[in-house]
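Architecture at a glance
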Amino acid sequence: MSMRNVMREGVKPLATGMLVGLMALSSFPTVAFAGESDPQMGEVIYDCAQGLTYYSVDSSHIEDSSRLFFQDLMTGKTKFLSDAYTVPGNPADLNKADGSGVPDVDSSTWESQASRWQELGQIIQGTYGSGTGDSKFKADFDYALGEHLATRRDTTGEVSVEDVHRSGGDDDYYVYGSGFTSASSVADAVDQMENDIWAAYRNAGGGRKDQKDTKDDRLDDVAIEENTALDNYTSNDVWYMDIGAYKTSGKNKKGHYQALGLIFSDFKVSTVLPDDDDYYTHVKNNAASDGEVFLSDLKNETNRDITGAQTLTSTVQETATSTINRNTSLAQAFNMSRTATMGAGGSVVVAKMNSSFGFTMGLTTTGTIQAGWTDSEALTDSLTNTYTVNVPLEPYTNVLLKQYESTTTTTTTYNCPVALEFDVAVVEWTLDPSDNNAKADTRVLAEFKDSAASDLYQRAIVERSLTDGDGINWNSLIGSNTTLEKRVQQLATSYATSTTGATMEVTDNSVTQEVYGKEALRPLDRVSVNHAALYTARLGNMRPGDRFVVNNIALSGYNDQNASYYGFNKLNGHWILVDDTGDEVTDSPIARLEKNPASGLTSLVAGDQSGTLTLRYVIDEDAYTSSLYPGHYTTNDELSRTATLEVHVNAAPEVFQGFIAVSGELTGIVGDAPQAIEGDDALTATVYDPTGKEVAQAVTWEAQELTGITVEDGAVSFSVPGTYHVRARVDDVYSDWCAVTAQPARALGKAEIPESMQLNTEALQMSDVPVATYDQYGDEFATDEPVEWSVVSGGATIEDGMLVPGDSGTIVVEATVGDVTSNRMTVSVTPEDTKAVAWGIDKGVTTMDFDNFDGDGSCTRAMAVTMMWRAAGCPEPASLDTPFTDVDENVWYGKAVAWAYENGVTDGTTPTTFEPGSTVSRAEIVTFLWKQNGRGIIIADGSSFQDVRSTDWFARAVKWAANRGVVIGTSPTTFSPFENCTRQQIMLMIYRNAMR
């Protein structure tokens, strides 16, 4: 049915501020519908666990106006409330990041929360409203309202239903509506709707003179019954919609109406956090201190070792701050309890978000976001752990503790989706047209509280078979309205959302303690040399040039209680030389200290002047402190005494007194390079002092003989074989003479070749065979003597340095170098047919390996020509066209046959056939090879085959092949031309042809 505006004569249109219809809102500034253009939709979040759809509506007012924000979300159209929309078979596809899982729906069918709730209210009124006792009038009123809602996008001022006619012309109905309008309270919304109804009633020609009942009014003069049932509502942000059908035609000239009002109140916003961690951007910043060292109360003030119990603490303080960009007043509508259950998986999501935002202690996402929404305050939690460790304490020590502080800040930025919830009240006002004197009436038909969507879901879906508290039987209501079931499902499970910038910052400050070490309780008092007598003996009689590493002197530190000073280290100090007045000396001719820059060690070096100095140990004055005097370091002046050692240098000449013993044997070879007299497999000279104690002393060597032997710088060489004598000397002290032997000069003594060799070629280049030569002592020996080869046994010859074998078998050869004959080498000769197959595999003539070659197998003409083509290098023929009708150019042998035809290798078995599948005979393959070689000239007969006649078509080819050595026949007198040629025979012929 169609509806259009029909203005009755004498009836004024509604005032400018009054709108007709639900979506025609352009002339009224407080109405918030998006208008005719399609809104830009953002992402959709589908809660697979609870079957909830959170669809996005663009709103620019979340940060500046809560009322305008509510209006945007209530009136924003969406495909998810369209009759044409259906949830996909796999609802999880709705959450695809690229939006590909959301079905396309014609934007002209999109609906908003406000429009869908008004439709539901009209259906409830149509079934459960008072209306009129006259079924005809009620049907007309219900029809007029329903038709108007179906065309509510019209922007004209009034609507008449032309298609509803009754006898007497009682058929004119006017429909007026407020649109989506704001109010300061529920009571204010009721008053405004009653004012709208009064204005519409009067503008439609209604004749009753009083809007509402007063004390003196007659009931039949009152147009509207005042509704006070909702006066107890306390919500401040309220939006409403009213629509009414008004009738003044027919017998009742005072006019009657049926009006419907919907009140939206108690708006709540809840955060909906997706469980996809990719939705959040995490930035972690770590900052840590180097730690602070301080003294513990635990100490050992005795002169014995003890074990003490040290108490340590670890404290973590976590601070979480949630910042959400929103209008201050919007915080009052924040619904934390709903946030904790909304989203995919309810509490599962909350647990996942706690992990995503980096919480490690008792704080939670829900609590932190609530603080960010309502009070904009940070939440803090802390935890302290205390534990005890046992620490061993040396005498007079104090425990040192180290405290570390670290801060880890994780900043997570995301677009926070905010879902809108609200309550809905459905109210009707009527003036019964069946009675001209009827009393005006009003009723609250339904109230959906504590989230209208949730309440609707409980009543219309979960408890559909029951009658609810408003007297509505949803089973019956849905059954009588074919489109209602889907719309109720959408309203009950769809939430309008918008997004705003949000930041979650989680800061963990941790303070931990550990046992850092120990410190001396009392200050360092003195330093002493350990085992001083050892160093006195060494330093008490130094000779010029003697060296002594002072870093090796063992030292100990003590406190004023004569107990070891804890932490003493001799490296925290150094040695100096002082004279008899105690003054430091650095350039004394008696002795000096030298530091090796590479090793860092300091040596005391005796000078060339006799005298006495003192080594004194000096501590570093920034090394030794104590807990008794914290911050103070012991100085050298504060020591009661320090370590000292006397240094005596004797510079007078000293003559060695003692004896020398020589042991060992030495043998050399004439002509060899000089060899060391002392060492392994040589002589050893041991020097003793007068008491018989071995001492470290260098010796000088000399020879007894004047010729045949040379001794120089501790090394000996020989020029004549024989026995010679050497001795060791220190100053004027000599060892006994020791005999040494010189053997004859080196000469060639042995030649050695490999024991065996495999010959796979036609001949062996003998210069490639390794020949090793050795002297008479078994050492490698280089010689210029030529190598002469000879065959000991086997059918082979050596020609121009090449070993040419006969038939397969073994050959024994030997080499002669000068007067020396080598060992014998056995050469195994590979059979020619085996070499042929190996050659064919290597050259790609066959694609088979050795084990699968099948040498005894027969061979087709196609296979034979292909093997010859491959042996020729697989040349590309100029054309693949041949006259052979039995050869397809695309078969595996196509190119080979084309090549053979092109080069005169074959003319076919007939002018038009090649017979590729026929078995090739020995005569045919020899003829192929002869033609490939240009029908070679026969120099001599070269054959004595009795089965080849001179008149045979293959005779010249066979003679050429025999002359060239390509064939030798199946016996000395037979060629067997018509026998099938085996794969082995073909490969051998191709190989011989290639080798010749």
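The rules behind the values
- Numbering of residues begins from 1 in every chain and follows the order in which that chain's sequence is written.
- Thresholds applied to this predicted model are a pLDDT of at least 70 for local features of residues and 80 or more for the giving and counting of side-chain atom pairs; totals over whole chains, interfaces and linings are not thresholded and use all residues.
- Only hydrogens and water are removed before side-chain values are computed, so all heavy atoms of the structure are retained for them.
- In this text, helices come from DSSP runs of H or I with a minimum length of four residues, and strands from runs of E with a minimum of two, each type numbered from the N-terminal end.
- Note on areas: these come from Shrake-Rupley sampling with a 1.4 Å probe, and a residue is covered only by the protein chains present in the view.
- Residues enter a nonpolar core if they are buried and are Ala, Val, Leu, Ile, Met, Phe, Trp, Tyr or Cys, with the set joined through side-chain atoms within 4.5 Å.
- Under the scheme applied here, a residue whose accessible area is under 20% of the maximum for its type counts as buried, over 50% as exposed, and between as partly exposed, the area being computed with a 1.4 Å probe on protein chains only.
- What makes two residues a contact is simply this: any of their non-hydrogen atoms within 4.5 Å.
- Confidence scores here are pLDDT values: one per residue, from the predictor, ranging 0 to 100.
- The criterion for an aromatic pair is that two Phe, Tyr or Trp rings (for Trp, the six-membered ring) have centres within 6.5 Å, with stacked assigned to planes under 30 degrees apart, edge-to-face to planes over 60 apart and tilted to the rest.
- Working rule: Lys NZ or Arg CZ, within 6 Å of ring centre, within 35 degrees of ring normal, means a charge sits over the ring.
- Here, a salt bridge means any Lys or Arg side-chain nitrogen found within 4 Å of an Asp or Glu carboxyl oxygen.
- Angles here are taken between N-to-C directions and fall from 0 to 180 degrees, while the axes themselves are lines fitted to C-alpha atoms, restricted in helices to the stretch in contact.
- These descriptions rest on fixed angle ranges, namely under 35 degrees for roughly parallel, over 145 for roughly antiparallel, 65 to 115 for roughly perpendicular, and the rest for oblique.
- Here the nonpolar group is Ala, Val, Leu, Ile, Met, Phe, Trp, Tyr, Cys and Pro; Asp, Glu, Lys and Arg are the charged ones; every other residue, Gly included, is treated as polar.
- Any two strands are treated as partners once DSSP identifies two or more bridges connecting them.
- Surface patches are defined over residues having more than 30% relative accessible area and no salt bridge, joining like charges when they lie within 9 Å and nonpolar side chains (Val, Leu, Ile, Met, Phe, Trp, Tyr) when within 5 Å.
- Positive charges come from Lys and Arg, negative ones from Asp and Glu, while His and the chain ends are left out of the count.
- In plain terms, the charge of a residue is placed at NZ if it is Lys, CZ if Arg, CG if Asp and CD if Glu.

1. Some details on the overall build of the protein
Along the protein, the regular secondary structure elements total 17 helices and 41 strands. Counting only carbon and sulfur atoms, one obtains 46% of the accessible surface of the protein, whose full area is about 47,500 Å².

2. A short note on the nonpolar core
Counting residues in each nonpolar core, the largest one holds 65 residues, and the members touching the most others are Trp-117, Phe-264, Phe-448, Leu-456 and Trp-474. When residues of this core are assigned to their parent elements, the largest contribution, seven residues, is made by strand β11 (residues 397–431). Not counting residues up to four positions away in its chain, the partners in contact with Phe-448 are Trp-117, Ile-124, Asp-423, Val-424, Val-426, Asp-455, Leu-456, Arg-459 and Trp-474. If you look at the next biggest cluster of nonpolar residues, it comprises 47 residues, including Trp-869, Met-987, Leu-988 and Met-989.

3. Points about unusual backbone geometry
Even without a glycine there, the phi angle at Tyr-396 is positive, about 55°. Topologically, Tyr-396 is positioned in the loop between β10 (379–393) and β11. Overall, the relative accessible area of 12% leaves Tyr-396 in the buried class. For Asp-731, which is not glycine, the phi dihedral falls at a positive 55°.

4. Some details on the environment of Pro-786
Considering the arrangement of structural elements, one finds Pro-786 in the loop between β36 (772–775) and β37 (787–793). Assessed through its relative accessible area of 49%, Pro-786 is described here as partly exposed. In this view, Pro-786 contacts Thr-816, Val-817 and Gly-818; residues no more than four positions away in its chain are not counted.

5. Notes on the confidence of the model for the protein
Across the protein, pLDDT averages 83, with 84% of residues at or above 70. With pLDDT under 50 throughout, residues 1–42 is counted as low confidence; its partners more than four residues away or in other chains account for 117 contacts. Here residues 150–169 is modelled with pLDDT under 50, and outside its nearest four sequence neighbours on either side it reaches 59 contacts, counting other chains as well.

6. What about the packing of aromatic side chains?
Within this structure, the stated rule accounts for 27 aromatic pairs. The interplanar angle of 5° and the centroid separation of 5.0 Å between the aromatic rings of Phe-180 and Trp-239 together place this pair among those described as stacked. Here Trp-239 lies in strand β5 (residues 238–247) and Phe-180 lies in the loop between β3 (174–177) and β4 (181–183), a separation of 59 residues in the sequence. Connected via pairs of aromatic rings, a cluster forms that spans Phe-69, Phe-70, Trp-117, Phe-180, Trp-239, Phe-264, Phe-267, Phe-422, Phe-448 and Trp-474. It is Arg-983 that lies over the ring of Phe-853; its NZ or CZ is 4.6 Å from the centre.

7. Examining the pattern of salt bridges
In this structure the tally under the stated criterion is 27 salt bridges. With a closest N to O distance of 3.7 Å, Lys-449 and Glu-447 form a salt bridge. The class for Lys-449 is partly exposed, based on a relative accessible area of 38%. We classify Glu-447 as partly exposed; its relative accessible area is 23%. Between Glu-702 and Arg-727 there is a salt bridge, with the nearest N and O atoms lying 2.6 Å from each other. Note that Glu-702 is positioned in strand β27 (residues 700–703) and Arg-727 in strand β30 (residues 722–730), a separation of 25 residues in sequence. Glu-702 sits in the partly exposed class, given a relative accessible area of 25%. Each member of the salt-bridge network shares a partner with another, and the members are Asp-83, Arg-116, Glu-119 and Arg-487.

8. Some words on the packing of helix α12 (residues 832–843) against helix α17 (residues 983–995)
The geometry of α12 relative to α17 is characterised by a closest axis approach of 9 Å and an angle of 80° between their N-to-C directions. It follows from the interaxial angle that α12 and α17 lie roughly perpendicular. Mapping the contact onto sequence places Glu-832, Asp-833, Lys-835, Ala-836, Val-837, Trp-839 and Gly-840 in α12 and Gln-984, Met-987, Leu-988, Ile-990, Tyr-991, Arg-992, Ala-994 and Met-995 in α17. Here the residues of the contact of α12 with α17 sort into nine nonpolar, two polar and four charged.

9. Some remarks on the sheet that holds strand β17 (residues 573–578)
Hydrogen bonds between backbone groups are what pair the strands of a sheet, and the pairing can be parallel or antiparallel. Across the sheet, three strands lie side by side as β17-β20-β21; this open sheet has antiparallel pairing. Each edge of the sheet is formed by a strand with only one pairing partner; in this case those strands are β17 and β21 (644–649). Shown here is a sheet whose adjacent strand axes are inclined to one another by a mean of 25°, direction ignored. Pairing between β17 and strand β20 (residues 611–619): six bridges, direction antiparallel. What sits directly across from His-574, in β20, is Val-618. Along the sheet face, helix α11 (residues 532–539) touches β20 and β21 and points at about 20° away from the line of β21.

10. Here we look at a negative patch on the surface
Together, Glu-621, Asp-622, Asp-637 and Glu-638 give the surface a local cluster of negative charge. Of note, Asp-637 is situated in the loop between β20 and β21. Overall, Asp-637 belongs to the exposed group, its relative accessible area being 77%.

11. Regarding the pairing of strand β39 (residues 802–805)
Only one face of β39 is buried: it carries Leu-803 and Pro-805, and the other face, with Met-802 and Val-804, is open. Looking at chain direction, strand β38 (residues 796–799) and β39 are connected through four bridges and run antiparallel. Paired with Ile-798 across the bridge in β39 is Leu-803. Between the end of β38 and the start of β39, which pair antiparallel, lie two residues, with Asp-800 showing a positive phi angle near 55°.

12. Concerning the sheet that holds strand β24 (residues 675–676)
Reading across the sheet, the three strands line up as β24-β29-β28 and stay open at both edges, with antiparallel pairing between neighbours. Sheet topology places β24 and β28 (709–712) at the edges, where each strand pairs with a single neighbour. Bridge count for β28 against strand β29 (residues 715–718) is four bridges, and the pairing is antiparallel. Residue pairing across strands places Val-711 opposite Val-716, the latter belonging to β29.

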